[in-house]
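Secondary and tertiary structure notes
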Amino acid sequence: MSDSSDSRKQHRFKGLTINSGTVNGKVCLYSAERHKAIPQYSLPTESSVEQELKRFDEVLVQCSLELNRIASDVSEKIGRTEAEIFLAQKHIMNDPKLLASLRKEVVEARKNIEWAISDVLSNYEEKFANLDNQYLRERSSDIGEIRRRLLSRISNKKIGFICEGQSNCIQGENRIIVAEELTPDMVVNMNLERVLGFVTERGGITSHAAILARALGIPAVSGIPGIMDIVHCGDQMLIDGDNGDIFVNPDLQLIASLVPVEPVQSEAVCVLGSPAGTEVLANASTIEDVKSALGVGSDGIGLFRTEILFIKADRLLNEEEQYSYYRQIVRLMRGKPVTFRMLDVGGDKPLPFLRMRKESNPYLGWRGARFLLGSPEFFSLQIKALGRLSTEANIKILFPMVIDAAQQKELLEFSHKALSETECDMSRIEFGAMFEVPSAFLQASQIFDLVDFGSIGSNDLIQYLFAIDRTNELVSQDYNPDHPVLWDMLKMLSESAQKAAKPLSICGEMAGREGMPKKLLDVGIRSMSVAPRLISRVRNELARYAGVLA
Ligand code: PEP
Ligand code: MG
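So, here's what we can say about the structure. (Residues numbered from 1 in each chain as written. Chains lettered and ligands numbered in written order. Predicted model: local features only at pLDDT ≥ 70, side-chain atom pairs only at ≥ 80, totals over all residues. Heavy atoms only, no water.)

Brief notes about the coordination of the magnesium ion (ligand 2)
Selection rule: Note on donors: an N, O or S atom is included if it sits within 2.8 Å of the metal, or within 3.2 Å for Na, K and Ca, and water is never included, so sites can look incomplete. Counting from the N terminus, the helices are DSSP H or I runs at least four residues long and the strands are E runs at least two residues long. Partly exposed residues are those whose accessible area sits between 20% and 50% of the maximum for their type, while under 20% is buried and over 50% is exposed, using a 1.4 Å probe and protein chains only.
The coordination sphere of the magnesium ion (ligand 2), as far as protein atoms go, consists of E436 (OE) and D460 (OD), spread over 2.1 to 2.2 Å. Here D460 lies in helix α19 (residues 458-465) and E436 lies in the loop between β14 (429-435) and α17 (438-442), a separation of 24 residues in the sequence. With respect to class, E436 is no different from D460; both count as buried.

So, in structure tokens, the structure goes:
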């Protein structure tokens, strides 16, 4: 890869999107694994066994206190839900069964405590990592964190930045942190407000890396094994969190095309609002995203993804909890339109607490609209919580992964029935369908007869249209938003929406790519929803094109 002969050459690595956003910066390597050589020896006497157990008890107390401190720090810096992660780790670490196994290794097998910790916890970690249940599988990283913590404490070794102590080490400030996994120690040891991005070797979409990076709004990509050995502190790196790519030594042209530059006032076509006849809205997943959208004067929220709320809470929230969360968003937006998408789980976004069955093809399985119709209890709670907002605002509710008109009809019937059982003003609720499964495009006119608006989910559409996994690096060259077949589909849908006189917008990431706003206008799509930081770029491009047209 980056050998000395071509160290300046650009290299691309495909990972998994943990948090969207694009950033270019220098690398800082952070190591949590400093225990490759674990001391191993047999305890010769009864009294050395006693002493070893005493040493362990002391370390256990210190680590428990440390986890309490981390939890309260995280609670203050990030949130209470995220702090629970560390309290849960303390709980696992003090589990009587686990402690008994550790002590048994010392007393019966006469292993020194480092050896016992390493053996017992690595064993547990491996067992968890191989379980079918995704939730439990991801808990294996908790066990790994506990192992590292106990070993660090016992050996007095400090985990941290690889070049720590050297004069050029800047402790990750204004840099991209590259690590094996995002760990709690990073959360407390770093000035996260000054971290540009995260790249990790491990950690799935529901891992701590994902939860923390999203809560912090930091672009992040995970799932790049060996990256710690490939890059060095100070290497230039670009994270394209929207597509799950990282580039080592990115060339200037790539940086210019991917990293948004805020428009400068002197630019001839710098615009503040959206050009007449167009609308540029924001995609959001958190309250912070909504605030960013407001900050850049977005025309509204074109897609509020409700999944993150549940992923962060790690449990099913009741109607009241959901209602007060959604209400905050509507109130923040002060009358600007807000489109809430009903929970779109499955595929790359499983909800660990739902204990979903392992599927061999999750993208073709229990997800989106199918999940909603198959989970009436959940569907009812969420639609009621959203419907109640209509007593104080106009709201839009969007259904994900609709496959045809019959399914859309079922979704609406269920919604109307549930809403008839709660306080709401139906005249202020609009229902929409996401167009992201090709079969829905072929029934577009029947679907438009049923709904008030449509929204194109091009991320999934491209995946299903070209049979290409949006997260698989082996096939990423075929994930092509320029493909003429895609544009034929978009044109067909736009004509169908115009015929039915129903508004249509696009909320997939491609709308924010350079050159796309113009192409979308050409096929009659005038409403686009993109990440907040891309809003001014899209508006500028629309204005430039409108100027050419005028
Ligand atoms: C899409 O598929 O384009 C979309 C906006 O939804 P998500 O990326 O959340 O699947
Ligand atoms: Mg989608």
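What about the pattern of salt bridges?
We count it as follows: Salt-bridge detection follows one rule: a side-chain nitrogen of Lys or Arg within 4 Å of a carboxyl oxygen of Asp or Glu.
Under the criterion given, the structure shown has 28 salt bridges. The residue R12 makes a salt bridge to D245 at a minimum N-O spacing of 3.1 Å. Of this pair, R12 sits in strand β1 (residues 11-14) while D245 sits in strand β9 (residues 245-248), and the two are 233 residues apart along the sequence. R12 sits in the partly exposed class, given a relative accessible area of 44%. On the accessibility criterion, D245 (5% relative accessible area) is buried. One salt bridge connects E114 with R55, and the closest N-O pair in it is separated by 3.0 Å. Of the two residues, E114 is situated in helix α4 (residues 113-129) and R55 in helix α1 (residues 46-77); the sequence distance between them amounts to 59 residues. Classification of E114 by relative accessible area gives buried; the value is 8%. Salt bridges here are not isolated pairs; linked through shared partners, they connect E307, R341, D344, R367 and D460.

Quick notes on the pairing of strand β12 (residues 338-341)
Spelled out, the test is: Strands are treated as partners if at least two bridges between them are detected by DSSP.
The alternating pattern of β12 places V338 and F340 and T339 and R341 on opposite faces, both of which are buried. Looking at chain direction, strand β11 (residues 301-305) and β12 are connected through 3 bridges and run parallel. Within the sheet, the bridge partner assigned to I301 lies in β12 and is V338. Relative to strand β13 (residues 395-399), β12 runs parallel, the two being bridged by 3 bridges. Bridge pairing in β13 places R341 opposite L398.

Observations concerning the packing of aromatic side chains
Selection rule: Centre distance within 6.5 Å is the pairing criterion for rings of Phe, Tyr and Trp, where only the six-membered ring of Trp is used; planes under 30 degrees apart are then read as stacked, over 60 as edge-to-face, and the remainder as tilted. A ring has a charge above it when a Lys NZ or an Arg CZ is no more than 6 Å from the ring centre and no more than 35 degrees off the ring normal.
According to the stated counting rule, one finds 12 aromatic pairs in the structure shown. Look at F435 and F448: their rings are 5.2 Å apart centre to centre, the planes differ by 35°, and that puts the pair in the tilted class. Placement of the pair is F435 in strand β14 and F448 in helix α18 (residues 444-450), with a sequence separation of 13 residues. Judged on exposure class, the residue F435 and its partner F448 are both buried. An aromatic cluster is defined as three or more aromatic residues linked by ring pairs; in this entry it consists of F304, Y325, Y326 and F340. For R388, the ring lying beneath its charged end belongs to Y323, and the centroid distance is 4.0 Å.

Purely geometric stuff here, so don't read any function into it on its own.
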